[in-house]
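Geometric and topological summary
Spelled out from the first residue to the last, the chains are:
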Amino acid sequence: MNLKEAYSYSVQFLEKNNVDEADFKALCVVCHVAGIKNSEYLAHINDEIITGRVAHMLWSLKDGEPLQYVIGKWDFFESEFYVGRGVLIPRPETEELVSLCLKNADVNKKLVIYDLCSGTGCIGISLAKKLPLSEVYCIEKSEKAYKYLVKNAKGVDNVHTLCEDINDNIDLPKADIIVSNPPYIKTGDLSSLQSSDGLDFYRLINSKWADKLSDNGLLFLEIGNEQGKDVSSLLTNFKDVKTVKDLYKNDRIVTGIKA
């Protein structure tokens, strides 16, 4: 079966099984198996493809597995990051967090940066690549997520990965920038979890991590759509606290300077 035939079959299979975005997901699957970019599809439509791998991935999509997990990696801010069960999938909105950090970072200084609740490491690693003089500490407590963090950080020499809980005392040099996309979902929507307003990590960052910033150190936090005012009011150890909207005009980032 060639690439064109595999794509046509994949679209039909996904549509028949009511999988949304069948065209896009079919293209991602066949191009991934073929080892090419989606944009290169037309140049390779007659190439032979391993149909067994395609079938396995299609069935995973049918069973509800996210496309990113099925493929095993996803694009984020000019790089690919390995993803899978146990780690959050990098989102486009988080690229805006990285861009804002870079806009405010002094590229000529040897900055120390913490990426708290790092997950895949997409934030910290992206910053490290753009700020080669910096030393970036990516901290993640989940062992499942940490495996992806280590894999993604391979070859990026100015990234330091730590499998640690940010509740604990971690011996680190003073930071110039703290950035974090912490778990911020309200667990009232998730009946299996203990009750939480989704602000616990922000409280912790304010109470425990502000002192780890150097004078006038910068804070960048991703937030949920409706958390701008609540998170801003919690950051009592910071000044010039501001809320920044994303491309969709939703509150998405809160920034501050160590008071």
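The paragraphs below set out a description of the structure included in this document. (Residues numbered from 1 in each chain as written. Predicted model: local features only at pLDDT ≥ 70, side-chain atom pairs only at ≥ 80, totals over all residues. Heavy atoms only, no water.)

1. Some thoughts on the overall build of the chain
- Within the chain, the secondary structure is distributed over nine helices and nine strands.
- For the chain, buried positions account for 48% of its 259 residues.
- Accessible area for the chain stands at about 13,800 Å²; split by element, carbon and sulfur atoms hold 48% of it.
- Within the chain, the 38 negative side-chain charges are centred at a point lying 2 Å from the centre of the 31 positive side-chain charges. (Helix = DSSP H or I, 4+ residues; strand = E, 2+ residues; numbered from the N terminus. Buried < 20%, exposed > 50% of the residue type's maximum accessible area, 1.4 Å probe, protein only. Areas by Shrake-Rupley, 256 points an atom, 1.4 Å probe, with all protein chains shown as cover. Lys, Arg positive; Asp, Glu negative; His and termini not counted. Charge placed at Lys NZ, Arg CZ, Asp CG, Glu CD.)

2. What to know about the pairing of strand 8 (residues 238–245)
- Taken together, the six bridges between strand 8 and strand 9 (residues 251–258) define a ladder with antiparallel strand orientation. Bridge pairing in strand 9 places Lys239 opposite Ile257.
- Between strand 8 and strand 9, which pair antiparallel in sequence order, lie five residues; one of them, Lys249, sits at a positive phi of approximately 70°. (Pairing = 2+ DSSP bridges.)

3. Side note on the side chain of Ser180
- Along the polypeptide, Ser180 turns up in strand 6 (residues 175–180).
- You can call Ser180 buried: its relative accessible area is 0%.
- Excluding its chain neighbours within four sequence positions, the residues that come into contact with Ser180 are Leu97, Leu116, Cys117, Ile205, Phe220, Leu221 and Glu222. (Contact = heavy atoms within 4.5 Å.)

4. A closer look at the packing of helix 5 (residues 92–104) against helix 6 (residues 122–130)
- One way to put it is that helix 5 packs onto helix 6 with a least axis distance of 10 Å and a crossing angle of 35°. Crossing of helix 5 against helix 6: the hand is right-handed. Two secondary-structure elements touch here, helix 5 through Thr94, Leu97, Val98, Cys101 and Leu102 and helix 6 through Ile123, Ser126, Leu127 and Lys130.
- Classifying every residue of the contact of helix 5 with helix 6 gives six nonpolar, two polar and one charged. (Axes fitted to C-alpha atoms, helices over the stretch in contact; angles between N-to-C directions. Left-handed = near helix turned anticlockwise from the far one by under 90°. Nonpolar A, V, L, I, M, F, W, Y, C, P; charged D, E, K, R; others polar.)

5. Some details on helix 1 (residues 3–16)
- The end-to-end C-alpha distance of helix 1 is 20 Å, a good match for the 20 Å that 14 residues give at a rise of 1.5 Å each.
- Inspection of helix 1 places Leu3, Ala6, Ser10, Val11, Phe13 and Leu14 among the buried residues, and these make up the whole buried set. Taken around the axis of helix 1, the buried residues stretch over an arc of 165°, which confines them to a single face. Away from the buried face of helix 1 by more than 90 degrees, exposed residues Gln12 and Lys16 are located.
- For helix 1, the side-chain oxygen to backbone nitrogen distance between the N-cap and Lys4 is 3.2 Å, and the N-cap itself is Asn2.
- Within two residues after helix 1, Asn18 carries a phi angle of roughly 60°, on the positive side. (Expected span 1.5 Å × (residues − 1). Arc of directions from axis to C-beta. Polar contact = N/O pair within 3.5 Å; in protein donor to acceptor, adjacent residues only side chain to side chain.)

6. Describing helix 3 (residues 51–62)
- An ideal rise of 1.5 Å per residue puts 16 Å on 12 residues; helix 3 measures up with 16 Å between its terminal C-alpha atoms.
- For helix 3, the full list of buried residues reads Val54, Met57, Leu58 and Leu61. Looking down the long axis of helix 3, one finds its buried residues gathered within 105° of arc, a one-sided arrangement.
- On its buried side, helix 3 packs onto helix 1, helix 2 (22–34) and helix 4 (67–71).

7. Describing the layout of surface pockets
- Each pocket or cavity is described by its volume, and for the largest pocket that value is around 650 Å³.
- Every residue lining the largest pocket is counted, 30 residues in all, and those nearest its centre are Leu88, Cys117, Asn181, Pro182 and Pro183.
- Those elements that provide at least two residues to the lining of the largest pocket are strand 3 (112–116) and helix 6.
- Taken together, the residues of the lining of the largest pocket break down into 16 nonpolar, seven polar and seven charged.
- Computed from the structure, the second largest pocket encloses a volume of approximately 390 Å³.
- Residue lining of the second largest pocket: 14 residues in total, with Ile36, Lys37, Asn38, Asp75 and Glu80 positioned closest to the centre.
- With four residues, the top contributor of residues to the lining of the second largest pocket is helix 2.
- Looking at the lining of the second largest pocket, its residues break down into six nonpolar, four polar and four charged. (1 Å grid on protein atoms, 1.4 Å probe; cavity = no way out; pocket = protein on both sides within 12 Å on 5 of 7 lines; lining within 4 Å. Points joined across faces, edges and corners; volume = space filled by probe spheres on them.)

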